Amino acid sequence: MNNDLKLSVLLLFFCIFLWFYAIPYHIKGTLQALVPRGLTLSMMVPCVLLFINGLSSARAGIKHPLPDYQIRASLTALAIVPMMFVYLFLTDILGFYVTTSLFIFIFMLYFKAKKSISFYLFPIAVPLIVYVIIGRILHFPFPEGLFF
Amino acid sequence: MFEQVLSGLNMVLVPQNLMWAAAGVTFGMILGSIPGLTDNMGIVLFLPFTFYLSPIAGIAMLMGLTKGGNFGGSIPAVLFNIPGTPQAMVTCLDGYPLAQQGKGGKALKAALYSSVVADACSDLILIFLAAPVALVALKIGPPEYTSIIIFSLAVISIAASEHPVRGLVAVLLGLLLGTVGTDPGFGTPRLIFHVIELADGFHIMPMVIGMLAFSEVLIQLEKEFIKSLVRKFSNMMADPDKILGSENPDHPENHRLSWSEFKSILPTIMRSTGIGATIGIIPGIGTTVGSYLSYIMAKQSSKNPKSFGKGAIEGVAAAEAGNNAVNGPNLIPLVTLGIPGNLAAALILGAFMMKGLIPGPTFMQTNGDMLYALFFVLLLSNLFTLVIGYFYIKYVRNVTAVPKPYLFTGIIVFSVIGSYVGYASIFDVYVMLAFAILGYGLTKFKINLPTVIVAFFLGPMLETKLRQALKISGDDITVFFTKPISLSFLILTLVAVTFLLKRKRTLAKD
């Protein structure tokens, strides 16, 4: 399936989700739903155009297979996202500065940074600078937890 | 009148006032460089402080803050792809690729000079054309607003994307995202899925940071991992300690903007100033739209449009000039009518009132010297931005020389901080992450992300103005065709769409 077909199918599912679930169950009133319904209907126009374009490309035999290494690389990069969720979850428990320091260290390990003095200083220096400038000078409160 | 001009100049040229203006520019630049801290936030932070200063010193400081903050926002946009202020998001498009090529200094200088030139020109428009421009601004009501927004969205959807259909998807997606929150007409919740934090809709800063900065980190990481995997598969020499590639060489030439380069971007700066200033006349449309429209027009009229998005200095110049040129005309309703055109102008109006000064139609007669002093302060603040900015970027540009693991980690942390500080809400950081994933996915499908953001920004305004226009006219749709300005913009939309589609077709054939 080429890019145009994939996008049109995804948009179609998105429109179906909006039209049959999100709008009727999460908007009260016909007039209130007018704008989202109008936009959902309008979205069908590019959806159909992309589908036609995708079909004609498929008939012409234009293929864009995704190599294995690309999928592996995408998954490796996207692994940052669950790590971020853990980071945010721990921020509430341990506090912003401690968690940030810990996760800077983890990210640096994940990105395979060279182990030098700066490798160990960076996780301390960044939260410290944020604490001095934003926390102390500008008096901006960051989430506090068990430690700080 | 001449006496008032001289008196205004005398009021400004006091060492204490100059010092506070310079301090304002410096603070503004530092605050603007911190993602999430905007110039408006800077004004709020320093407004109580100005109470202890003389009227001119206080206003000089606040004006300096806005000018410095506006330019400051472009610094993280160029260096980290994180816009320091929402309007700097367009600067990311070419500023960050330039920084990746080791030309961060050049990009920052192009941003600085474009900002200062455009801001100074827009101040001159304010000084010399305030009265006629105010008359035009007064004629812009809901029908005119609606047509202008439709024009902006039509131009953006076709011109910004490689394929117009994808541009349309981007615009519609942005408009749909803009419907999340509270219905502007009925005040009822809309598409918030019982999440109370969404009652105000998505906040712009987490959205911009997630879509532009964080998703870019994911894409860059993926590219680096692909490189290392390809090396591994092809049994080429791979350095496991340096998975994230080599850094760019630091040539002094890469940080200089030569006179010939400046001359080549000058027409772009002047065109973008014109576009930005026109947008600035219309209160509320904002700097982001001015910046993006200027960028698109620069791309359309460039001899090398394919270089846009890959590190075109013209792109940086257009974005920064378009964004800063909005500022002067935005102050026109404040100075002539006493009506603030944007949030910064509203805060400055507050500062005026704190000093017992009420801007409005009679302000020129009652406080003429003060008004001229304000004009001189605006021009002087530009000069300070140029000088302070020049030295400031000399130091901050070196940030791009740090190894990629440090840079990516820094971007991740500052994305979290930038999303959090606006509303002190962890929920906004989750929103930023959600938009990062969305941005990553949309990039894979070649959907233009700034178009989504601008459409999201304009969507609620379009809906409100459309409803107001229909309510005023008793649901008569011809109101858009009977008002001259509205009709002109609708015709302009048709002409622009036809022209842009034809141009796209010609370029595709070539």
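This is a predicted model, so every value here is computed, not measured.

Draft legend 1. Region of the structure containing the interface of chain B and chain A. The interface is formed by 45 residues belonging to chain B together with 47 residues belonging to chain A. Secondary structure elements with two or more residues in the side of chain B that touches chain A: helix H9 (164-178), helix H10 (204-233), helix H19 (404-421) and helix H20 (426-444) of chain B. Tallied by class, the residues present in the side of chain B that touches chain A amount to 36 nonpolar, four polar and five charged.

Draft legend 2. Seen up close, the domain arrangement of chain A. In terms of domain boundaries, chain A breaks down into domain 1 (3-65) and domain 2 (71-137). For domain 1 of chain A versus domain 2 of chain A, the separation of C-alpha centres amounts to 38 Å.

Draft legend 3. Expanded view of helix H7 (residues 104-138) of chain B. Residue and element names in this part refer to chain B. Given a rise of 1.5 Å per residue, 35 residues ought to cover 51 Å, yet the end C-alpha atoms of H7 are separated by just 42 Å, more than 12% below that figure. Of all the bends in H7, the greatest, near 85 degrees, is centred on leucine 129, and the proline proline 132 appears no more than four residues after it. For H7, the tally of buried residues reaches 25 of 35 residues, placing the bulk of the element in the interior.

Draft legend 4. Layout of unusual backbone geometry. In this model, lysine 112 of chain A sits at a positive phi of 55 degrees, which is unusual for a non-glycine residue. For lysine 112 of chain A, the location among the structural elements is in the loop between helix H5 (96-110) and helix H6 (117-137). Even without glycine at this site, alanine 424 of chain B takes up a positive phi of about 50 degrees. Position of alanine 424 of chain B relative to the elements: it lies in the loop between H19 and H20. In this structure alanine 424 of chain B comes out as exposed when scored by C-beta crowding, with 11 C-beta atoms within 10 Å.

Draft legend 5. Main features of the confidence of the model for chain B. All names here are of chain B. On average, residues of chain B carry a pLDDT of 85, and 94% of them reach 70 or more. Counting interchain partners and residues more than four positions distant, the pLDDT-below-50 stretch residues 236-247 has 20 contacts. In the model output, the complex is listed with pTM 0.82 alongside ipTM 0.93.

Cut-offs and rules
Residues numbered from 1 in each chain as written. Chains lettered and ligands numbered in written order. Predicted model: local features only at pLDDT ≥ 70, side-chain atom pairs only at ≥ 80, totals over all residues. Contact = placed C-beta atoms within 7 Å. Helix = DSSP H or I, 4+ residues; strand = E, 2+ residues; numbered from the N terminus. Nonpolar A, V, L, I, M, F, W, Y, C, P; charged D, E, K, R; others polar. Domains from an automatic or database assignment. Expected span 1.5 Å × (residues − 1). Bend = angle between axes of the 7 residues up to and from the residue. Buried ≥ 20, exposed ≤ 12 C-beta atoms within 10 Å, placed from the backbone. pLDDT = per-residue confidence, 0-100.

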